[in-house]
There are 2 protein chains.
Amino acid sequence: MGPVPKNPQPALAPVDRAILRLLAEDARMPNNAIAEAVGIAPSTCLARMRALRERGVIRGFHADVDPAALGLGIQAMIAVRLHAHTKERISSFTAEIPHLPGVVAAYHLAGADDYLLHVAVPDTDALRDFVLDHLTAHPAVAHTETSLIFGHMRGEAVS
Amino acid sequence: MGPVPKNPQPALAPVDRAILRLLAEDARMPNNAIAEAVGIAPSTCLARMRALRERGVIRGFHADVDPAALGLGIQAMIAVRLHAHTKERISSFTAEIPHLPGVVAAYHLAGADDYLLHVAVPDTDALRDFVLDHLTAHPAVAHTETSLIFGHMRGEAVS
DNA sequence: ATTGAAATAGGCCCCGT
DNA sequence: ACGGGGCCTATTTCAAT
């Protein structure tokens, strides 16, 4: 019995990985420049980029905006623990999360905590209000733990 | 005594906020389309975009790549607690973090845990190796706690 | 600061090979 | 996968308001 294949999807060509690396670094890099950098023709590069988007390998292109410039000077990570045995309310909580004001990202975790919320708010008052109004007041929420974020860094693994 | 001003920086014009919102959603949106959507001339829009970049309001444009397509099928959050009183080693750890293989993002926290590492790896073996080789083996690291990520969502607060 | 027009450049689709 | 041609669109600069 041979090893179970780990990648059900066709492996990415090296040239595709190179394209992705460039786009992850600068999403507005012109197609011509990408083509030249990876050593293929612009038309080929364009076709590959389209394919990457259609296959869902590229999920989107986003500007990275400094929250402080938007008046959101405080960032925090909030670990959220939900009550067990309330599936409907858990579902409703999950659906509400991305729309809560100030939520940058939400992670659904395996472990003691069920969710990790990355939030950006104007000040500590707003942080308190966020936790009290949207988390502790929610029937599905059992416990929260908030940690201020001093700073963050992007890694080199493509995000 | 009046209230302390909360925004030392000049407030962002509404048109700038509109531009940022569009670019955060689609960083490759053409300047023409942005200009039309926010109701200004393309040349004006270009000037404002340049100013936003030069002021650091826009920190960059990045493609959002599906880690699974890169063979990184497992994602996790690792809370890292460091030893106190070892500032040099803490600094070296901080400097190494973004370059560790598989690190998507790193958050420097206030609280019981010092760092939160978002990692993407091929499989659980690689996750174990990451923790053992780069974290528990590091002299500055006192404790780690790993939580698998079931899923994540982008919020609506600009990131 | 914002604009419109004009020139440059790049993107894109179809056709070949 | 590559190259070229034709066409369209986008970007960029600049003079003027």
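Keep in mind the model is a prediction, meaning the values are calculated, not measured.

About the cut-offs
Residues numbered from 1 in each chain as written. Chains lettered and ligands numbered in written order. Predicted model: local features only at pLDDT ≥ 70, side-chain atom pairs only at ≥ 80, totals over all residues. Heavy atoms only, no water. Near = heavy atom within 4 Å. Polar contact = N/O pair within 3.5 Å; in protein donor to acceptor, adjacent residues only side chain to side chain. Helix = DSSP H or I, 4+ residues; strand = E, 2+ residues; numbered from the N terminus. Domains from an automatic or database assignment. Contact = heavy atoms within 4.5 Å. Buried area = accessible area lost by both parts, 1.4 Å probe. Salt bridge = Lys/Arg side-chain N within 4 Å of Asp/Glu carboxyl O. Pairing = 2+ DSSP bridges.

A few points about the protein's contact with DNA strand D
Then, in step 1: Looking at DNA strand D, the residues that line it are A:R28, A:I40, A:A41, A:S43, A:T44, A:R48, B:P30, B:N31, B:N32, B:S43 and B:L46.
Then, in step 2: Backbone polar atom of A:A41 to a phosphate oxygen of DNA strand D: 3.5 Å apart, as the coordinates give it.
Then, in step 3: One of the side-chain N or O atoms of B:N32 is found 3.0 Å from a phosphate oxygen in DNA strand D.
Then, in step 4: Only α3 (42-54) of chain A together with α2 (31-38) and α3 (42-54) of chain B provide two or more residues apiece to the surface near DNA strand D.
Then, in step 5: Sort the elements by how many residues they give to the surface near DNA strand D and α3(A) lands first, with three residues.

Structural notes on the domain arrangement of chain A
Interfaces are often described in size by the accessible area the parts lose on coming together.
Then, in step 1: Along its sequence, chain A is organised into domain 1 (14-54) and domain 2 (67-148).
Then, in step 2: Computed from C-alpha atoms alone, the centre-to-centre distance between domain 1 of chain A and domain 2 of chain A is 37 Å.

Digging into the interface of chain A and chain B
Then, in step 1: Contacts between the two partners involve 59 residues from chain A and, on the opposite side, 60 residues from chain B.
Then, in step 2: Interface of chain A and chain B: buried area, both sides summed, is about 5,900 Å²; carbon and sulfur atoms make up 56% of it.
Then, in step 3: For the chain A face of the interface with chain B, the top three residues by lost area are A:R28, A:H62 and A:M153, together amounting to 13%.
Then, in step 4: Across the chain A-chain B interface, the total number found is four salt bridges.
Then, in step 5: Across the pair A:R59 and B:D64 runs a salt bridge whose closest N-O atoms are separated by 3.4 Å.
Then, in step 6: Where chain A touches chain B, the interface holds 38 residue pairs in polar contact (both at pLDDT 80 or more).
Then, in step 7: Mapped onto the side of chain A that touches chain B, the elements with two or more residues apiece are α1 (14-25), β1 (58-65), β3 (103-109), β4 (115-121) and β5 (141-154) of chain A.
Then, in step 8: Pairing analysis gives five bridges linking β5(A) to strand β3 (residues 103-109) of chain B, with the strands arranged antiparallel. Residue pairing in the sheet places A:R154 in a bridge with B:A105 of β3(B).

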